[in-house]
Structure formats: structure tokens, C-alpha cells
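Structural description and commentary
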Amino acid sequence: MASSHYEVADFVYMDSAATQGVRDNWNPKISELCLPKPTKMPKLTKLFTMQEASQHNTKDDCWVVIDGKVYDMTSYLDEHPGGDDVVIAATGKDATEEFEDAGHSRSARELMENFCIGELEVSSSPEFEVTSKKPENGYDKQLGKGYAKEVVNLTKQYWGVPVAIVGISVVVGFLYLRKK
Ligand code: HEM
């Protein structure tokens, strides 16, 4: 009988006498030998920029971005209990707040996974300023056809550090001069 199970066993016999013990107790299932468990297969996620997602903003082609994921709602618009206009108005931006404000049920959240087509590229989130020219400093990340000015964000986040350094230097200098 030539089944895949026997073909694998024959291959072991051809190996060497050292495999004798292994061979005698050899009874693997073919699935255990060759194939990774399907649950461990990596999932490929398509990434979209906000620029790209925002081009799908009509009744016939409607994508929304909710919580970092991109949903193609075109086929569901007519059935959407909240209407199509609210959804179309929420295209081209992060619609998480609007989605949450509508108080969607658990079944709505399960249903929406059927429309997920990918994820948003992190560097394309709206807090990044988009410029068409590549800036010269090293902080900027590429974003679709433009460039995200991450330096704007870094400045916002770390402005306190230089201010603290300057403040401390002024106080120390002042005390030093007074002592003299
Ligand atoms: C794939 C995405 C979405 C799915 C599957 C979905 C599904 C649903 C469902 C099933 C309901 C009925 C109530 C419930 O079961 O929660 C609903 C209501 C509603 N949805 Fe959505 N929705 C989606 C996206 C959005 C977005 C992006 C917005 C707004 C920008 C929105 C606004 C609303 C509103 C205003 C209601 C009516 C709530 C009410 O009348 O109480 N939905 N949606």
C-alpha cells in the first residue's frame, strides 16, 4: 500500500542501522512530520497610508480607518443601520472616535472584521505633517509619496529637557556670581 505514511517510513529505513531503535517505535502522523500547525502560520497584513485610504471616500468605494485598521465598507453601506452618510463623512481620517461614540454592539464589532482589508502604516497617522520634499535632517520618515515631519513631534515631546537645562544653568550661574 503506497500511502504518504509508508513513504515516510521507507525513507527512515534507508538511513542507517543507528536509527534502528527510533525506527521500531516510529509511528508519526504525517501532519506532525512535515507541516507547521495552521494556527502558527504567519498572517500577512496589507499596510495602507492614510493618504491612500482617504481616496476611497464615496458611496461606491468607501474605506474607513478605525483603531489602526482599514475597513472597506462599500458592500455594507446600504445595510449599515446608522446610514451611509455618517460613514462617508468619517472617511479620510481616523474614525475611531466617531465609531466609539455611536456605541457599537459586540456583534457590530464582530461583523466589522469581515470588512477589514489591512492596517494603517504607523508613520501615516494624522499627527505627522506631510511634506512633498525630503527634509535634510535625519528624523524624518518616508510616508507614501511625501515625508512625515517627525521632528515636529519630537520637538513637542521633549521641549521640557532643554528648558530645564537652561533654567538650571541660569540658577547655578546666578548663585556662583553672587558668591563672588
Ligand atoms: C465596518 C464598520 C462598521 C460596522 C460593521 C458597523 C455596524 C453597525 C451596526 C451593526 C449598527 C447597529 C447597532 C449595533 O449593533 O451596534 C451600527 C449603528 C451605527 N453605526 Fe456603525 N458600523 C461600522 C462603522 C461605523 C462608522 C465608521 C460610523 C461613524 C462614523 C458608524 C456609525 C454608526 C451610527 C451613528 C449608528 C447608529 C447608532 C444608533 O442609532 O444608536 N458606524 N453600525
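As the structure is a computational prediction, the values presented were derived from the model and not from experiment.

1. Some thoughts on the overall build of the protein
Helices and strands together make up the secondary structure of the protein, namely nine helices and eight strands. Evaluated residue by residue, the protein yields a buried proportion of 12% over its 180 residues. Across the protein, contacts joining residues at least 24 apart in sequence account for 52% of those joining residues at least 6 apart.

2. Some points on the environment of Thr-74
By secondary structure assignment, the location of Thr-74 is in the loop between β4 (69-72) and α5 (84-89). The class for Thr-74 is partly exposed, based on 17 C-beta atoms found within 10 Å. Separated by 16 residues in sequence, Thr-74 and Thr-58 have C-alpha atoms that sit 8.5 Å apart. With residues up to four places along the chain from it excluded, the contact list for Thr-74 reads Asp-60, Asp-61 and Cys-62.

3. As for the nonpolar core
Of all hydrophobic cores here, the largest spans 16 residues; its most connected members are Ala-53, Val-64, Val-65 and Val-70. When residues of this core are traced back to their parent elements, those giving at least two are α4 (50-53), β3 (61-66) and β4. The leading source of residues in this core is β3, at five residues. Excluding residues that lie within four positions of it along the chain, Val-64 makes contacts with Tyr-71, Met-73, Val-87, Ala-90, Thr-91 and Ala-95.

4. A word on the UniProt feature "transmembrane region" (unreviewed entry) in the protein
Per the UniProt record, "transmembrane region" (unreviewed entry) is annotated on residues 158-177. Helix makes up 95% of residues 158-177 and strand 0%, whereas the separation of the span's terminal C-alpha atoms amounts to 30 Å.

Rules and cut-offs
- Residues numbered from 1 in each chain as written.
- Predicted model: local features only at pLDDT ≥ 70, side-chain atom pairs only at ≥ 80, totals over all residues.
- Helix = DSSP H or I, 4+ residues; strand = E, 2+ residues; numbered from the N terminus.
- Buried ≥ 20, exposed ≤ 12 C-beta atoms within 10 Å, placed from the backbone.
- Contact = placed C-beta atoms within 7 Å.
- Core = buried A, V, L, I, M, F, W, Y, C linked by C-beta atoms within 7 Å.
- UniProt positions renumbered as here; feature names shortened; annotations may be inferred.

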